[in-house]
Structure formats: structure tokens, C-alpha cells
Amino acid sequence: MGYLEGQLIALVERRPMSNSMDLGSVFQGLGREMRNHWENTLRYVDHPLELGLARERLFVEYLLRLLPDRFAIDSGFVIDSSGNRSRQIDIVIYDKIIAKPFVVPGKVHFFPCECVVAVGEVKSNITSRATLSDALEKIRSVKALDRFSARQNLEVAVHGLH
């Protein structure tokens, strides 16, 4: 049992029943648990590429614990119906009910942009403006895709909201 599950069980079993829950402490505990797992990984792995893959896998493992079952996480490219493609993305969270990725030989994933709910980049350190800029450009490459089937991305205005 992980920290998050233990904290939730402790909250349920606590007497008298409280109407509040300190989510901050739950997420801090989850962060400590992830950091401990990462430190254990560092004891055994010293190859840069393997460390990067391990970091991404660990992050994905923890994210999946927080997401409903209909969502999945992988890495790859996001595509639109016009044939545009994002840069390679470390973390693609997608809705399995809407669509699954296209997988080509070599297990490279291409996600229809309509099923993608979030993307992100995993970096061990952001020590330069160039590293940060590169990560943001990758995310922008997804945002620039046409999610409305060969039409311009539309900005929808709701009465009273801009």
C-alpha cells in the first residue's frame, strides 16, 4: 500500500468523522513517497538514458494513481486531421474512450489530438533558459494543432466569459 492509500484509509477510519480533508498533506506525502522511490532508483542506475526513462516511468506511475481508469498515459506525437504533428512529447494523457493512439513499428505512438487531455515534459533539472524554452515549445507544438477537424481552432466565448 502506498502513502496516498494509507492516508485515505486513515482519514476514513478517524473518529470522530471530520468534514474536512487536508489535501495538501496528502499530496506532500505522495511527493515524499515518489522522491523516496526515485532515490532508491538512483542507487542502482547510473546510465543517463536509463535514468531519464526511469524518471518518466515513475512520474507516470504516480499520475496514473490519481487519474480515472478511462485515461491512459504514454509518450509520442500528437497529430491532427490535417496531417500536422507535434514534436515528441514525454507525457501524453489521453482519453481511451474517445480514441486510442496509432502505433507504428518500433512502438512509436501517434495520438489524435481530439483524445488528448494534457501533455507535459519531464526534466530532471531546468538549469538553463534553453532547456525551459525547449520544453515549452514542445507543449506549444501540441497547442497549435487543429482540434476541430480541418477548421481553424475556434475561441468559444460564453456569455459573460471572455
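Quantities reported herein were computed from a predicted structural model and do not represent experimental measurements. (Residues numbered from 1 in each chain as written. Predicted model: local features only at pLDDT ≥ 70, side-chain atom pairs only at ≥ 80, totals over all residues. Heavy atoms only, no water.)

Trainee: Describe in detail the pattern of salt bridges, supporting the description with residues and values.
Mentor: Overall, the coordinates contain six salt bridges when judged by the stated rule. We note a salt bridge from Arg70 to Asp95, for which the minimum N-O separation is 2.4 Å. Placement of Arg70 in the loop between helix H3 (48-66) and strand S1 (71-79) and of Asp95 in strand S2 (residues 89-95) is noted, with a sequence separation of 25 residues between them. Arg70 sits in the partly exposed class, given a relative accessible area of 37%. For Asp95, a relative accessible area of 4% puts it in the buried group. The residue Lys138 makes a salt bridge to Glu121 at a minimum N-O spacing of 3.5 Å. Separated by 17 residues along the polypeptide, Lys138 in helix H4 (residues 129-143) and Glu121 in the loop between strand S5 (116-120) and H4 bring together distant segments of the chain. Summarising the burial analysis for this pair, Lys138 and Glu121 share the class buried. Each of Glu121, Lys123 and Lys138 takes part in one network of salt bridges that share partners. (Salt bridge = Lys/Arg side-chain N within 4 Å of Asp/Glu carboxyl O. Helix = DSSP H or I, 4+ residues; strand = E, 2+ residues; numbered from the N terminus. Buried < 20%, exposed > 50% of the residue type's maximum accessible area, 1.4 Å probe, protein only.)

Trainee: Outline the pairing of S2, supporting the account with residue identities and numerical values.
Mentor: Burial runs high along S2: seven of the seven residues are buried. Bridge analysis of S1 against S2 gives five bridges, and the strand direction is antiparallel. Bridge pairing links Asp74 to Val92 in S2. Relative to S5, S2 is paired through four bridges, and the arrangement is antiparallel. Across the sheet, Ile93 pairs through a bridge with Ala118, a residue of S5. (Pairing = 2+ DSSP bridges.)

Trainee: Talk me through the nonpolar core; I want residue IDs and the actual numbers.
Mentor: The biggest cluster of nonpolar side chains holds 12 residues, and these are Ala72, Val78, Ile89, Val92, Tyr94, Ala99, Phe111, Cys113, Cys115, Val116, Val142 and Leu145. The set of elements that each furnish at least two residues to this core consists of S1 and S2. Counting residues per element, this core draws most heavily on S2, which supplies three residues. The contacts of Val142, once residues within four sequence positions are left out, are Val78, Ser86, Ile89 and Val119. Core analysis: the next-biggest nonpolar cluster, separate from the first, contains seven residues, Val60, Phe71, Ile73 and Val122 among them. (Core = buried A, V, L, I, M, F, W, Y, C linked by side-chain atoms within 4.5 Å. Contact = heavy atoms within 4.5 Å.)

Trainee: So what's going on with H3? Which residues, and what values?
Mentor: Across its 19 residues, H3 extends 28 Å between first and last C-alpha, which sits within 8% of the 27 Å expected from 1.5 Å per residue. Residues of H3 that are buried include every one of Leu51, Gly52, Ala54, Leu58, Val60, Tyr62 and Leu63, and no others. Packing partners of the buried residues in H3 comprise helix H2 (23-44), S1 and S2. (Expected span 1.5 Å × (residues − 1).)

Trainee: Please give an account of H4 that cites residues and values.
Mentor: Here H4 is 15 residues long and its end C-alpha atoms lie 21 Å apart, about the 21 Å a rise of 1.5 Å per residue gives. Turning to H4, its buried residues are Ala135, Lys138, Ser141 and Val142. Relative to the axis of H4, the buried residues are bounded by an arc of 115 degrees and lie together on one face. The exposed set on the far side of H4, more than 90 degrees from its buried face, consists of Arg129, Ala130 and Lys143. Where H4 is buried, its residues meet S1, S2 and S5. (Arc of directions from axis to C-beta.)

Keep in mind that these numbers describe shape and distance, not what the molecule does.
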